[in-house]
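# Structural features, examined
If you want the building blocks of each chain, they are given just below.
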Amino acid sequence: MKIWNWNYAFDILPEIISALWVTITATVVGFGLALILGLLWTILIRSDSKIVSSIAGGIVTFVRNTPILVQLFFIFYVFPEFGISLEPFVAGVLGLGLHYSTYLSEVFRSGIESVDPGQWEVATALNFTKRKTWTRIILPQAFPPVLPVIGNYFITMFKETPLLSAITLVEILQTAKNIGAGTFRYTEPFTIVGVLFLVLSYPASLLLRNLENKISEKY
Amino acid sequence: MTEPIVKYNKVTKYFDDLQVLDKIDFEIQQGEKVALIGPSGSGKTTFARLLMTLEEITDGTIEVEGEYLWHEKNEKGELSPASTEHLRKVRSNVGMVFQHFHLFPHMTVLENIIEAPITVKGKKKKEATKQGKEILDKVGLLDKADVYPAQLSGGQKQRVAIARALVMEPKVLIFDEPTSALDPELVGEVLEVIKDIADQGETSMLLITHEMDFAKEVADRIAFFDDGKIVEDGAPSEILYNPKSTRLKEFLERFMNTQTP
Amino acid sequence: MSFWEVITSILGQGLWITLLTTFLSAILALVIGFAGGLMRLSRNKFVRFIVGVYVEVFRGTSLLVQLFWIYYVLPMFGITLSAITAAVLAIGLNYGAYTSEVVRSGIQSVDEGQIEASIALNMTKIQRMRRVILPQAFILMLPNLGNQLIELFKSTSLVALITLTDLTYQADVLNATTLQTTQIYTALLIIYFVIAWPMTKGIQILERKLTEGRM
């Protein structure tokens, strides 16, 4: 038996690539959710109400300090006990989104805090409303510096999607595993999955480094 | 006269395409104190850093105590780039005090001073400590032996840095603008320590400075740098009161103006 | 089973393996990270390239894929590893890649003047690294290394997927036999939280102390 069989590799490649679609959709939808939830946590934590702020802070702390795999199990296996049965894809996206929202909320916070406090004073001196202060002065300055970090989390999340195979979602790793189970050859399917991740995430991270340099030049 | 302790021979230095030193010949005699003055960017700091091996020489040679610093002679008498061992051996004759002190922040004052005697010279800790304390006493900081650098004033830091360099007993000691980073009221204490070392006479000194009065007081000779060359080199009174070149005249005029507005 | 019994049952069977996996892979990651970080700063282009490839490969593919590859593919090459060896190897290599970047940037952020001062004192390259650069760089790295340890600890839950009997694996087994799903997975989340949270707090305190110390 050959260690690496090219014919076999090319045979199974289309099937794995077609599963890539699931992986990418899960990443994009999950990340959208993470952005929205992350922003929500940031706003709630900055709330004047102590109760709201500490509840949001508590959720973020709890989610950050537990493994995403267990969170996925919880969503997929425990929610149905309360009558909420979710498709693997929905449960997966929810888990990814929730988990990464807590990281992104931290990124947003650091972005906001890195804006010079003098900017708030200027906004007050120019009689900006609170809303205008946020949308016109603070956020436009807070976002660009943290953009590369946000991008990095996108790539990290992309690489975390194979975890969704643990809740029966047939993304690329699960597809590879199924192929392997049928043929008893794991070398080609698992290697192809690894190469696919590398081929997609490495250029993305190069692009990001480029962006980072451009941003740091500008600021 | 005995052999010079330091001898620059046609020393040239480029940073990429930019020439900062242009075929400089220069000597420092045993025990001689030489001040380097000149506008910033004139090459005087690079000139000194080459001697400390902090910059690589582009062309020419430097000899310290009759031995090549950047080169080694092979059997045929040809020069080839120095090995690390050779570089370290010759470098041990040279010490340096930096503008920004560069004390080791994770070590106490005494640890800063005894670090190199122990790790580099292989001295016993007990002996190094005894010697370190003597030197600390000399610079008037014995009471700060167990304090970390962060708790010292700038002037105190620089005195520790001087002690740290002195304890290695270099034949030549470089001072790179030792008071430029200090608040004006702290300059005096550092200059006093440097003057004490100068008065003891044995150590040769290369002093880059903007303190003209101090240069006159301490130095046996002053060299004026401009545009990568030594334009004038002579006794302090000659250089400061009887400048020959227009560049030096201009420099001194501008300098006096900015010093006493 | 009461909730308390669920917790003690999971803990009793899985805690040791989770902690052991965490400990061993953290050591491996640290060793690889320091060696890799130093090699990345080597003058030798080839050494830098090799480490660069290692870092990009392990950061660019997914930990779970690496875990599966080591556990399921290596036997095809005649290398059959026990589940715990495969787990420690995969997590150690994966986090080692990230750690090497932490080490590299930690070393690079030590003030250039420190290197010049140690050259002026005629230290060798090794003395310089050991006595001057690394002690300072290590302090700078500590918060990052701490955060990585927490991430590493959480990621050990993945080893359940290659049948290593850690906390998560034991919870799955318990779930299959008792069907007390809600209690079991709630208990599991709480167990991980109770271990990870004090570490997070500790690192926050450490970070605050370090920034204060530098002021």
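Rules behind the numbers
Residues numbered from 1 in each chain as written. Chains lettered and ligands numbered in written order. Predicted model: local features only at pLDDT ≥ 70, side-chain atom pairs only at ≥ 80, totals over all residues. Heavy atoms only, no water. UniProt positions renumbered as here; feature names shortened; annotations may be inferred. Contact = heavy atoms within 4.5 Å. Buried area = accessible area lost by both parts, 1.4 Å probe. Salt bridge = Lys/Arg side-chain N within 4 Å of Asp/Glu carboxyl O. Helix = DSSP H or I, 4+ residues; strand = E, 2+ residues; numbered from the N terminus. Nonpolar A, V, L, I, M, F, W, Y, C, P; charged D, E, K, R; others polar. Buried < 20%, exposed > 50% of the residue type's maximum accessible area, 1.4 Å probe, protein only. Pairing = 2+ DSSP bridges. Core = buried A, V, L, I, M, F, W, Y, C linked by side-chain atoms within 4.5 Å. Phe/Tyr/Trp six-rings, centres within 6.5 Å; stacked < 30°, edge-to-face > 60°. Lys NZ or Arg CZ within 6 Å of the ring centre and 35° of its normal.

As recorded by an unreviewed UniProt entry, chain C carries the name Glutamine ABC transporter permease protein and is attributed to Marinilactibacillus psychrotolerans. As its UniProt record puts it under Sequence similarities (unreviewed entry), chain C is described as follows: "Belongs to the binding-protein-dependent transport system permease family."

By the naming in an unreviewed UniProt entry, chain A goes by Ectoine/hydroxyectoine ABC transporter permease subunit EhuD and is assigned to Marinilactibacillus psychrotolerans.

### Some words on the interface of chain B and chain C
Interface extent is often summarised as the accessible area lost during association of the parts. Facing 23 residues of chain B, the contacting portion of chain C comprises 17 residues. Summing both sides of the interface, chain B and chain C together bury roughly 1800 Å²; the carbon and sulfur share of this comes to 58%. Its largest share of buried area at the contact with chain C, chain B owes to His 102, Phe 104 and His 106 of chain B, together 27% of the area lost on that side. Where Arg 131 of chain C meets Glu 115 of chain B, a salt bridge forms, and the shortest distance between an N and an O atom there is 2.6 Å. Looking at the side of chain B that touches chain C, the elements with two or more residues in it are helix 2 (84-91), strand 8 (94-97) and helix 3 (109-119) of chain B. Looking at the side of chain B that touches chain C residue by residue, the class counts come to 12 nonpolar, six polar and five charged.

### Some thoughts on the pairing of strand 4 (residues 59-64) of chain B
Looking down a regular strand, the side chains alternate between one sheet face and the other. Residue and element names in this part refer to chain B. In terms of residue burial, strand 4 counts as a mostly covered element, since five of its six residues are buried. Inspection of the sheet shows strand 1 (residues 6-15) paired to strand 4 by five bridges, in the antiparallel sense. Bridge pairing links Lys 7 to Glu 63 in strand 4. The pairing of strand 4 with strand 5 (residues 67-68) spans two bridges and is antiparallel. From the neighbouring strand, Val 64 faces strand 5, where its bridge partner is Glu 67. Where strand 4 folds back onto strand 5 in an antiparallel hairpin, the turn is made up of two residues, including Glu 65, whose phi is positive at roughly 50°.

### Describing the UniProt feature "domain: ABC transmembrane type-1" (unreviewed entry) in chain C
The positions UniProt marks with the feature "domain: ABC transmembrane type-1" (unreviewed entry) are residues 15-196 of chain C. This span, residues 15-196 of chain C, is 81% helix and 0% strand, and a straight line between its end C-alpha atoms measures 13 Å.

### Let's talk about the UniProt feature "transmembrane region" (unreviewed entry) in chain C
All names here are of chain C. As recorded in UniProt, the sites labelled "transmembrane region" (unreviewed entry) are residues 15-39, 46-71, 77-98, 132-150 and 182-200. A distance of 30 Å separates the end C-alpha atoms of residues 46-71, which is 92% helix and 0% strand. Annotated as 100% helix and 0% strand, the span residues 182-200 places its first and last C-alpha atoms 26 Å apart.

### Regarding the interface of chain A and chain C
On the chain C side, the residues contacting the 38 residues of chain A number 35 residues. Roughly 3200 Å² of surface becomes buried between chain A and chain C when both sides are summed, with 73% attributable to carbon and sulfur atoms. If you look at where chain A meets chain C, you find one salt bridge. Measuring nitrogen to oxygen at the nearest pair gives 3.4 Å for the salt bridge that ties Arg 209 of chain A to Glu 56 of chain C.

### Quick word on the sheet that holds strand 1 of chain B
With antiparallel pairing, four strands are arranged side by side in an open sheet as 2-1-4-5 (chain B). Each edge of the open sheet is held by one strand with a lone partner, namely strand 2 (18-28) and strand 5 of chain B.

### A few points about the nonpolar core
One finds Ile 16 and Val 193 of chain A together with Ile 10, Leu 64 and Leu 188 of chain C to be the most contacted residues of the largest nonpolar core, which totals 91 residues. Discounting chain neighbours no more than four positions away, the residues touching Leu 188 of chain C are Val 70 of chain A together with Ile 10, Leu 167, Thr 168 and Ala 171 of chain C. The next biggest cluster of nonpolar side chains, apart from the first, holds 88 residues, and it includes Leu 21 and Ile 197 of chain B together with Val 103 and Ala 137 of chain C.

### Brief notes about helix 1 (residues 44-51) of chain B
Residues and elements named next belong to chain B. Most of helix 1 is tucked away: seven of the eight residues are buried. Turning to helix 1, its buried residues number three or more, namely Lys 44, Thr 46, Phe 47, Ala 48, Arg 49, Leu 50 and Leu 51. Residue Thr 53 follows helix 1 closely and has a positive phi angle near 65°.

### Things to note about the packing of aromatic side chains
Counted according to the given criterion, the structure contains 32 aromatic pairs over all chains. Considering the side-chain rings of Tyr 77 of chain A and Tyr 185 of chain C, the 6.0 Å spacing of their centres and the 20° angle between planes classify their relative orientation as stacked. Pair noted here: Tyr 77 of chain A is in helix 3 (residues 68-78) and Tyr 185 of chain C is in helix 8 (residues 181-214), and the two residues belong to different chains. Here the aromatic rings of Tyr 8 of chain B and Phe 47 of chain B are separated by 4.0 Å at their centres, their planes lie at 15°, and the arrangement is stacked. With Tyr 8 of chain B in strand 1 and Phe 47 of chain B in helix 1, this pair connects stretches of sequence that are 39 residues apart. Per residue, the accessibility class of Tyr 8 of chain B equals that of Phe 47 of chain B, and both read buried. Ring pairs connect the aromatic residues Tyr 186 and Phe 190 of chain A together with Phe 68, Tyr 71 and Tyr 72 of chain C, which therefore count as one cluster. One Lys or Arg, Arg 64 of chain A, reaches over the ring of Tyr 103 of chain A and ends 4.4 Å from the middle of that ring. When the ring centre of Phe 104 of chain B is taken as reference, the NZ or CZ atom of Arg 164 of chain B above it lies at 4.6 Å.

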